[in-house]
Amino acid sequence: MIIYGVYIVSKSGGLIYNLDSNVPRIEQERSFTYPLDLMLDYDSKKVSVIFNKKDGINVGHVLTAVNSTSVNGNTIEDGRDVKTVLENPENYPLNLKFCRPKLTTNEKIVQASTFYPLYAFASQLSPEPKSSGIEILEADTFTLHCFQTLTGVKFIIISETGLSGMDMVLRKIYELYSDYVLKNPFYALEMPIRCELFENKLKALLEMVEKTGINNLDK
């Protein structure tokens, strides 16, 4: 069982906790001829694709290596400028490696705030009153599982596809939240969760679930 991450969203729609568990590093290395058929943005912190795609390399992917030499920001490890190398026809063919970057904290906050109205919209679409909203959202590469408490706090798990019993895992996470966050005298509701004991217990839970499944969860 693979769990990619856990999100906790407050009743007002703000991201108050996130834990990345087993986020895969997706890399694609391809040989390119001149002219380069990808449009790149040469930012000081990264070189990323902003237009077109090729063989699994999509918009947003970041350049990590040129001819197996690592790229740091917009500079190759040997000191050469990436833009200068890529714009020189004499350097081709080139082997370029791209990867999907990790989400920044701000991007995760945007995702959480985007999911909040989607959840409410799904509840309104239901032909039956008092719908639970989105509980499972399936895609071809992952599944989103959501559990909302009576107070409106949402617990979200992103996992591999085809897993069952994630509702039990979500409720177990809720128990940890109740025991180690809500009972913490220094925690204020709606604020980001910074509780080391809660995080350690959560990591131990995810590790157990990934190794042995849900059979050892307290029912």
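What you see is a predicted model, and the numbers here were worked out from it, not measured in a lab. (Residues numbered from 1 in each chain as written. Predicted model: local features only at pLDDT ≥ 70, side-chain atom pairs only at ≥ 80, totals over all residues. Heavy atoms only, no water.)

### Some details on the domain arrangement of the chain
One widely used convention gives an interface's size as the accessible area the parts lose upon coming together.
Here is step 1 of the chain: Split into domains, the chain comes out as domain 1 (3-23 + 104-212) and domain 2 (27-99).
Here is step 2 of the chain: Summarising the inter-unit geometry, the C-alpha centres of domain 1 and domain 2 are found 36 Å apart. (Domains from an automatic or database assignment.)

### Brief notes about the nonpolar core
Here is step 1 of the chain: Ranked by internal contacts, the top residues of the largest apolar core, which has 28 residues, are Ile 8, Ile 193, Phe 198 and Leu 202.
Here is step 2 of the chain: Ranked by residue count, the leading element in this core is helix 3 (residues 166-182), at seven residues.
Here is step 3 of the chain: Not counting the four nearest positions on each side in its chain, Phe 198 is found in contact with Ile 8, Tyr 17, Ile 173, Leu 176, Tyr 177, Tyr 180, Val 181 and Ile 193.
Here is step 4 of the chain: By size, the runner-up hydrophobic cluster in this structure holds 18 residues, among which are Phe 32, Leu 36, Val 49 and Val 71. (Core = buried A, V, L, I, M, F, W, Y, C linked by side-chain atoms within 4.5 Å. Buried < 20%, exposed > 50% of the residue type's maximum accessible area, 1.4 Å probe, protein only. Helix = DSSP H or I, 4+ residues; strand = E, 2+ residues; numbered from the N terminus. Contact = heavy atoms within 4.5 Å.)

### Regarding the packing of helix 3 against helix 4 (residues 196-212)
Here is step 1 of the chain: At their nearest, the axes of helix 3 and helix 4 sit 9 Å apart, and the two run at 160 degrees to each other. When the axis of helix 3 is compared with that of helix 4, the two are roughly antiparallel. For the pair helix 3 and helix 4, the sense of crossing is right-handed. Taken together, the residues of helix 4 that come into contact with helix 3 (itself represented by Met 166, Val 169, Lys 172, Ile 173, Leu 176, Tyr 177, Tyr 180 and Val 181) are Leu 197, Phe 198, Lys 201, Leu 202, Leu 205 and Val 209. (Axes fitted to C-alpha atoms, helices over the stretch in contact; angles between N-to-C directions. Parallel < 35°, antiparallel > 145°, perpendicular 65-115°, else oblique. Left-handed = near helix turned anticlockwise from the far one by under 90°.)

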